[in-house]
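Now for the letters of each chain:
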Amino acid sequence: MKKISLSILAFLLSKIAFAATITGHFKQSSAWADMAYLSEITDYTFILSGSTYGIVDSQRLSGKGIFKFEHLKPNTLYRVSARLKSDEMPGIIEDGNRDNYAFVITGAQGNAVHIEADIARMFLSYTMQSSTAPLATVNDKILYLRDLRKPIYVTMQRLDPEPLNTLKDPEKIMEYQLRMVKEIKAATESNNKLLLPFLLKESDPNLLALASGLYQIEYANNRDNDLITEHLSRIEKSAPSSLLNSVLVVLQKSRKTIKPDFMFDRSYRLMEGKNFNFLSPRIPSKFILLDCWASWCTPCRKSIKTDLPYLRKKYSPQQLQIIGVVVKDKFQAAEKAIKADHNQYLQIYDHDKFLNQYFEIQGIPYYVLINQETQEIRAFQGIVDLEEYLAKEL
C-alpha cells in the first residue's frame with residue numbers, strides 16, 4: 001500500500017460511515033474540460049466502450065482540480081473519465097498517450113479511494129490511495145494490469161500518424177494504416193501472453209472482468225478461450241457476478257460459428273426506402289462485405305473514408321462488393337452522415353435490429369463477409385484480419 005499523507009488519510013477515514021466514495025485530483029490542462037465522469041461497469045461491453053450508457057454521475061472540477069463521487073455501490077468496478085473541450089461527450093481515447101480514463105474498484109461499505117492523475121494522460125499517469133489495506137491490494141492490481149500494457153503504448157507513441165493526414169491515395173492510406181495496426185497487434189499479442197496467467201489465477205470477479213477487457217477476450221484463440229472460460233466459470237459459480245457472467249457470454253459468442261440459415265430468406269429496408277434481398281436479384285460477386293456502422297462511431301466513419309475505398313480499389317466488383325448496414329442509430333442521423341461522408345455504398349437500415357441481434361454485434365465497426373459460392377459467413381472486428389483473409393481467398 002502506498003504511503004498516504006495525513007490530510008488525505010483523514011479525509012478518507014471521514015467517509016467510512018457512509019457508502020463507498022471515490023475522490024480525486026486532476027492536474028488540469030487547457031485542452032481538457034473541467035469535468036470528471038463516472039461510469040459503472042455493469043457489462044463487459046462498457047469496459048472500453050465510448051458509449052455514454054454506463055455514465056452514472058459527473059462532477060465539475062473545483063478550481064484546484066478536485067472532484068468527489070459519493071454514495072457509490074460497494075465492491076463495484078467503476079471508470080472515471082474526462083473529455084477534450086473539442087468533444088461534446090467523454091468518448092474513450094486510446095492513442096497511447098492521451099488515454100482519458102482510470103479504473104477503480106470500490107471496497108466494502110464506507111471505504112474510500114482517492115485518485116491522482118494528469119488529466120491529459122490519465123490512464124498512464126494515475127495513482128490510487130485506498131482507505132484500507134485490502135482495498136489497496138485490489139486497486140494495486142489494477143495498476144499492475146495498466147503497467148503490463150505499457151509496451152503497447154510505447155509502440156503507439158512511436159508510430160507517426162502524420163502521413164494519414166497528408167496522404168491522398170486511399171490505397172496508400174490503407175497500406176500505411178495496416179502497417180501501424182500490425183505493429184500494435186504484435187505488441188498486443190505479446191502483452192496478452194503476460195495477461196493470460198493473471199486471468200487464470202485471479203479470483204476477484206471485478207479484476208477478472210477488467211483483465212478480460214484489456215485482453216480483449218473476444219479475439220482470443222480457441223485454446224485461450226477455453227482456458228479462460230473454464231477458470232471464469234468456476235469463479236462465477238462460487239461467487240455469482242453479473243459482470244463476470246457478461247464476460248462469459250462474450251467468450252461463448254466469440255466461438256460461435258455463424259450460419260446463414262434464414263438470413264438470406266428475408267427482405268431488408270434500404271436507407272433510400274426500397275426493399276433489398278440478398279438472393280433476388282443476386283449480387284454478381286464472390287464476396288459481399290457488410291460494413292456495420294453508426295453515425296456516432298468515429299472509427300466507423302473513418303473506415304468508410306479510407307479502408308473501404310482501399311478494398312474497393314484492390315478487388316474487382318466480381319470479387320467483392322460492399323454494402324453498409326446502419327446499426328444502433330437513428331435514421332436521420334445516419335442519413336446526415338451518409339451525405340457528409342459522400343458514402344456511395346448501398347445502405348441497409350437495420351430498423352428492426354435483426355442483423356444486430358443475428359450477428360450479436362458487441363462493438364462497431366463490425367465487418368461481415370459473405371461467401372456467395374459457399375454461403376459461409378465470417379465476422380471480423382478489425383480491418384487487418386479482414387484484409388488478411390481476403391488476400392488469401394482472392
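As shown above, the structure is provided for reference.
It should be emphasised that the depicted structure is a prediction, and the values quoted were computed from it without experimental measurement. (Residues numbered from 1 in each chain as written. Predicted model: local features only at pLDDT ≥ 70, side-chain atom pairs only at ≥ 80, totals over all residues. Heavy atoms only, no water.)

## Considering the overall build of the protein
Each helix and strand counted, the protein has 14 helices and 15 strands in total. By the compact-globule yardstick of 21 Å for 394 residues, the protein fits well, its C-alpha radius of gyration being 23 Å. Taking the principal axes of its C-alpha atoms as reference, the protein extends roughly 75 × 50 × 40 Å. Counting over 394 residues, the protein shows a buried share of 51%. Considering only contacts within the protein whose residues lie at least 6 apart along the sequence, 69% involve residues at least 24 apart. Entry remark: accessible area of the protein is about 19,000 Å², with carbon and sulfur atoms responsible for 52%. (Helix = DSSP H or I, 4+ residues; strand = E, 2+ residues; numbered from the N terminus. Rg over C-alpha atoms; globule rule 2.2 N^0.38 Å. Buried < 20%, exposed > 50% of the residue type's maximum accessible area, 1.4 Å probe, protein only. Contact = heavy atoms within 4.5 Å. Areas by Shrake-Rupley, 256 points an atom, 1.4 Å probe, with all protein chains shown as cover.)

## A word on the state of the cysteines
If you walk through the whole model with that rule in mind, you get one disulfide. Two residues, Cys-297 and Cys-300, share a disulfide whose sulfurs are 2.3 Å apart. When the S-S torsion is 75°, as for the bridge of Cys-297 with Cys-300, the disulfide is right-handed. Accessibility expressed as a relative area gives 3% for Cys-297, which makes it buried. Residue Cys-292 stays outside any disulfide, its sulfur separated by 8.9 Å from that of Cys-300, the closest cysteine. (Disulfide = S-S within 2.5 Å.)

## Some thoughts on the pairing of strand E15 (residues 376–380)
Relative to E15, strand E14 (residues 366–371) runs antiparallel, the two being bridged by five bridges. Within the sheet, the bridge partner assigned to Ile-370 lies in E15 and is Ile-377. Two successive antiparallel strands, E14 and E15, enclose a turn made up of four residues, where Gln-375 displays a positive phi of approximately 60°. (Pairing = 2+ DSSP bridges.)

## Thoughts on the packing of helix H10 (residues 298–305) against helix H11 (residues 307–314)
At a closest axis distance of 3 Å, the pairing of H10 and H11 adopts a crossing angle of 30°. With respect to their mutual orientation, H10 and H11 come out roughly parallel. The segment H10 lies against H11, with Lys-302, Ser-303, Ile-304 and Lys-305 engaging Asp-307, Leu-308 and Pro-309. Residue classes in the contact of H10 with H11 are distributed as three nonpolar, one polar and three charged. (Axes fitted to C-alpha atoms, helices over the stretch in contact; angles between N-to-C directions. Parallel < 35°, antiparallel > 145°, perpendicular 65-115°, else oblique. Nonpolar A, V, L, I, M, F, W, Y, C, P; charged D, E, K, R; others polar.)

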